[in-house]
Amino acid sequence: MWTTEPVRVDRKNQKLPRAPDRRLSEPFPDHIYIPKSVRVSDSATFQVDDDIFRLAFLDPVPPQKVCKTVEGRRWSCGLRARTNLRAMIAGKQIKCRHTGQTEQGVRLVNCEVHFGATLAEDLLRSGSAIIKPDAPAELTKAATVGVETRAGIWGDAEFLNANAGGGP
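For every chain, the first residue of the written sequence is number 1, and numbering continues from 1 along that sequence. Local features in this predicted model are restricted to residues of pLDDT 70 or higher, and side-chain atom pairs are both shown and tallied only at a pLDDT of 80 or more, whereas totals for entire chains, interfaces and linings draw on every residue. Only heavy atoms go into the side-chain values, all of them from the structure, while hydrogens and water stay out.

(A) Quick peek at the overall build of the protein chain. Numbering of helices and strands starts at the N terminus; helices are DSSP runs of H or I of at least 4 residues and strands are runs of E of at least 2. A count of helical and extended segments in the protein chain gives 5 helices and 11 strands. Here the C-alpha atoms of the protein chain give a radius of gyration of 21 Å, more than 25% beyond the 15 Å that 2.2 N^0.38 yields for 168 residues. A principal-axis box enclosing the C-alpha atoms of the protein chain has dimensions of 80 × 30 × 30 Å. Burial status follows relative accessibility: with a 1.4 Å probe on protein chains alone, a residue under 20% of its type maximum counts as buried, one over 50% as exposed, and anything between as partly exposed. The proportion of buried residues among the 168 residues of the protein chain is 38%. The long-range share in the protein chain, meaning contacts at least 24 apart out of those at least 6 apart in sequence, stands at 53%. Here the radius of gyration uses the C-alpha set of atoms, whereas the globule reference equals 2.2 Å times the residue count to the power 0.38. What makes two residues a contact is simply this: any of their non-hydrogen atoms within 4.5 Å.

The structure is reproduced here in structure tokens:
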């Protein structure tokens, strides 16, 4: 009901219908605009203004990591993984869910860039991140795709041998 005069709202005595809290109903309630100049420190961590975000259930590929195929070809897979995250988020609006916080104040998040797949799934499929043991089943499936296609870090012969024959 609209009035032409100011009305004091008394929430205790007025029982007006309220819209449901969107943060409770949406799987990814926080909308974050990522500027094109986003700072990406590794393949699982990015900074927007003063907030540092880390993708939950992922370990980053170290940025200085150099990978080597079975045939001996070398490439900077750590730098490529970091660049891959930057390309996925820079200049975009992403939707995230806050899942926790580290002791250093880094916000742990699960994010979606496009409908149907999370950022973590995309990074695991491309071999741009390493899955943690406590990750949910949908992330394990995405990591398996990366291993089977030998994408990113999974193309590194040394990394494959150190990780029980290549399983996530």
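From this point, things continue past the structure.
(B) Seen up close, the state of the cysteines. Cysteine sulfur atoms that pair up within 2.5 Å are treated as a disulfide. Counting across every chain of the model gives 2 disulfides. With its sulfur 1.8 Å from that of its partner, Cys 67 forms a disulfide with Cys 77. For the disulfide bridge between Cys 67 and Cys 77, the dihedral angle about the S-S bond is near 65°, and by the sign convention the bridge is right-handed. Note that Cys 67 is positioned in strand 6 (residues 67-68) and Cys 77 in helix 2 (residues 77-89), a separation of 10 residues in sequence. Numbered in order of appearance, the disulfide-bonded cysteines of the protein chain are paired 1-2, 3-4.

(C) Structural context of the nonpolar core. Formed by 27 residues in total, the largest nonpolar core has its most connected members in Phe 46, Leu 55 and Ile 89. Counting residues per element, the ones that place at least two in this core are strand 3 (45-48), strand 4 (51-55), helix 2, strand 8 (93-101), strand 9 (107-114), helix 3 (119-125), strand 11 (129-131) and helix 4 (137-148). If one sorts the elements of this core by residue count, helix 3 sits on top with 4 residues. With residues near it in sequence (within four places) discarded, Ile 89 still touches Ile 34, Val 38, Val 40, Phe 46, Ile 94, Val 113 and Leu 119. Among the buried residues, those of types Ala, Val, Leu, Ile, Met, Phe, Trp, Tyr and Cys that are joined through side-chain atoms within 4.5 Å form a nonpolar core. Counting residues in hydrophobic clusters, the runner-up holds 11 residues, among them Cys 67, Trp 75, Cys 77 and Ile 130.

(D) Just the pairing of strand 2 (residues 39-42), in detail. Where strand 2 meets strand 3, 3 bridges bridge the pair, whose relative direction is antiparallel. Each bridged residue has a counterpart across the sheet, and for Arg 39 the counterpart in strand 3 is Gln 47. Any two strands with at least two DSSP bridges between them are considered paired. With antiparallel pairing between neighbouring strands as the criterion, strand 2 and strand 3 make up a hairpin whose turn holds 2 residues.

(E) Main features of helix 2. Between the first and last residue of a helix there are one fewer steps than residues, each counted as 1.5 Å, and that sum is the expected span. For helix 2, built from 13 residues, the straight-helix expectation of 18 Å at 1.5 Å per residue is met to within 8% by its first-to-last C-alpha distance of 19 Å. All buried positions along helix 2 are accounted for by Cys 77, Gly 78, Ala 81, Leu 85, Met 88 and Ile 89. Each buried residue of helix 2 sits inside an arc of 110° when the element is viewed along its axis, so together they form one side. Facing away from the buried side of helix 2 by more than 90 degrees, the exposed set consists of Arg 80 and Ala 87. Trailing helix 2 by a residue or two, Gly 91 shows a phi angle of about 75°, which is positive. The arc refers to the directions leading from the helix axis to the C-beta atoms.

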